[in-house]
Amino acid sequence: MVRVRYAPSPTGSPHVGNIRTALFNYLMARRHGGQFIVRIEDTDKAREVPGAVEEILESLRWLGLTWDEGPDVGGPYGPYFQSQRLDLYHKRVEELIASGHAYRCYCTPEELAEMREFQRINKLPTGYDRRCRFRKPEELERLAAEGRPSVVRLAMPLEGTIVFEDSIRGRVEVESKLVDDQVLLKADGYPTYHLANVVDDHEQGITHVIRGDEWISSTPKHVVLYRAFGWELPVFAHAPIIKGPDGAKLSKRHGDTRCLDYREKGYLGAAVANFIALIGWSPGDDREKMSLREMEEAFSIERIQPNPGVFDITKLQWLNGVYIRDLNASELYDTVRQYHETTQDPEYRQSKAAQTLGKAFEEFSREYVTSALLLEQERVRLLSDFAEASEFFFDEEYEYDPNGVAKWFGQEYVVRLFEFVIENLPGAALSVEEAEGLVNGAADALGLAKRAEAIHPLRVALTGRTKGPGLFELMSVLGPDRIRRRLERTLALIREGAFAS
Ligand code: GLU
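Student: Describe helix H2 (residues 52-63), listing the residues and the values that go with them.
Tutor: Between its first and last C-alpha atoms H2 spans 17 Å; for 12 residues at 1.5 Å apiece the expected length is 16 Å, and the two agree. Most of H2 sits out of view: nine of its 12 residues are buried. Among the residues of H2, Ala52, Val53, Glu55, Ile56, Leu57, Ser59, Leu60, Trp62 and Leu63 are the ones counted as buried. Buried-residue contacts for H2 involve strand S1 (3-6), helix H1 (16-31), strand S2 (35-38), helix H8 (259-265), helix H9 (269-277) and helix H10 (292-298).

What follows is the structure, given as structure tokens:
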């Protein structure tokens, strides 16, 4: 039975690297019909950030992940907050002290600072010099009687090597004496990460520990702890770090940000999950677009690459566009509307285009808005792109692109072109074919050498823009009434000399 966990510390917002760890664990559990557990490692009260737990869970939900046990859903191995499991850690620490694998240390912060200074000046290896480990029992009793606060430290073996097998990195060997006597229990009664993590992984029956590479240097201490308790080791798998395309460590500069910021910016959870899981993992073929289900079927730890994964935001944008194009008409409307109504992205919310789209949802029919969004669906990458791309469908007071105006509105035939189109518009609706016939007819009637000479000025007149969806398609969506109004407005402006330079 596979049991894996995602064990975030609520010290901030989850980013790409952290979320990838969650995804790998989730996929591992689903691949093997096992269990995925979320455990909150909140033993460092000073670093805890209010709201972080909710944000972590919300990020997972947005990506489409579900968990079998965790802080909100409970489960047979709870509680799932480490801060609610203190008695358990205390009990385990007493066992370690009794068996000689841990000891109380009464060194004060001043003594520790002095020790570090001495090591620095004498160019000695830094770390705890183990002085409490070798104090006489009477001395320890005296310090305890003085009421000195104490911590509990792990008594590392003083010789030999610690060896473990990592499923991604291979065999790892460390000389025991180089590893510090790690603090396990702090003076405030809280365990450190190392103790709580190992105790819980054991108590909660975790079979595979999949986590980021930054923890591999802690693993030797964990191995010593497992041995001291007489417990079996889980399988360890440390996923390599993520870099930007320039080879530097991933940062904001490469587009890395809080997971939920991607939602605010207009990414789809499914696209982000797909993209992040494929950083450093591959299904063994060249698929790039994979649903969570497909990844669940294909996942294996063996296919996590031992070299750093690359985060390429342009690939994510491309993939998001692919997911947007997968939405059917009704999903498209609902998704864009939901995004519009919930995003907190200030740039989006303050844009005029977003305000126009907001009004459009109130004032135009679902059918008209959907048709407009469908025409832009081919071209956008983010949900936030829809507002700007579709603005002209809903706002008739658009400005005209000066380049389009300069190029086309000075042509002697444009007034006749617009008049011809107005005169030949059908009454109620205009199909794409009829629009094409109409424009062809105008080009012929005016004796234009190329149909493009009709298409470009009409596009500028009807949308204010020089680029956009196909003219016949957008004419069909606008319909005869809007086309007439827009062309008449443009003609009036031409006659007023509004475009004269
Ligand atoms: N609490 C650690 C973190 O925030 C967990 C590391 C682990 O998975 O062991 O990443």
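Student: Explain the site of the ligand to me, and be specific about the residues and the numbers.
Tutor: For the ligand, the full set of nearby residues is Arg5, Ala7, Pro8, Ser9, Glu41, Tyr193, Asn197, Arg211 and Trp215. Contact distances for the ligand include 2.8 Å between an oxygen atom and a side-chain N or O atom of Arg211. A distance of 3.5 Å separates an oxygen atom of the ligand from a polar atom in the side chain of Trp215. In isolation the ligand has 300 Å² of accessible area, and contact with the protein removes 90% of it. Of all the cavities here, the one that holds the ligand is the largest pocket. Looking at the shell around the ligand residue by residue, the classes come out as four nonpolar, two polar and three charged.

Student: Before we move on, could you go through the sheet that holds strand S3 (residues 102-105) and cite the residues and values that matter?
Tutor: The strand order across the open sheet built from three strands is S3-S4-S7, with neighbouring strands paired in antiparallel fashion. Two strands in the sheet have a free side with no partner beyond their single neighbour: S3 and strand S7 (183-185). Between one strand axis and the next, the sheet turns by 45° as a mean value, whatever way the strands run. Bridge analysis of S3 against strand S4 (residues 151-154) gives four bridges, and the strand direction is antiparallel. Bridging across to S4, Arg104 finds its partner in Val152.

Student: A description of the pairing of S4 should follow, citing residues and the corresponding values.
Tutor: Going residue by residue along S4, you find Val151 and Arg153 tucked away on one face and Val152 and Leu154 tucked away on the opposite face as well. Pairing of S4 with S7 involves two bridges; the strand directions are antiparallel. Bridged to Val152 within S7 is Leu185.

Calculation criteria
Along each chain, numbering runs from 1 in the same order as the chain's sequence is written. Local features in this predicted model are restricted to residues of pLDDT 70 or higher, and side-chain atom pairs are both shown and tallied only at a pLDDT of 80 or more, whereas totals for entire chains, interfaces and linings draw on every residue. The basis for every side-chain value is the complete set of non-hydrogen atoms in the structure, without hydrogens or water. Put simply, DSSP H or I for four residues or longer makes a helix, DSSP E for two residues or longer makes a strand, and each gets a number counted from the N terminus. Helix span, as expected, comes to 1.5 Å for every residue beyond the first. Three labels apply to residues, based on accessible area from a 1.4 Å probe with only protein chains included: buried if under 20% of the type maximum, exposed if over 50%, partly exposed otherwise in between. Contacts are assigned to residue pairs that have any heavy atoms within 4.5 Å of one another. Summary of the distance rule: residues count as near a molecule or strand when at least one heavy atom falls within 4 Å of that molecule or strand. In the analysis that follows, any N or O atom pair within 3.5 Å is treated as a polar contact, provided that within protein one partner can donate a hydrogen and the other can accept it, and provided that, for residues neighboring in sequence, both atoms belong to side chains. Areas reported here follow the Shrake-Rupley algorithm with a probe of radius 1.4 Å; residue values treat only the protein chains shown as occluding. Only protein atoms enter the 1 Å grid used here. Points where a 1.4 Å probe fits but cannot escape make up a cavity, open sets with protein on both sides within 12 Å along at least five of seven lines make up a pocket, and a residue lines them when an atom lies within 4 Å of a point. To qualify as sitting in a cavity or pocket, a molecule needs more than half of its atoms within 2 Å of the grid points. In the scheme used here, Gly and all other residues not listed as nonpolar or charged are polar, with Ala, Val, Leu, Ile, Met, Phe, Trp, Tyr, Cys and Pro taken as nonpolar and Asp, Glu, Lys and Arg as charged. Pairing between strands requires that DSSP locate at least two bridges from one strand to the other. Between N-to-C directions, angles span 0 to 180 degrees; the directions come from axes that are lines fitted to C-alpha atoms, helices contributing only their stretch in contact.

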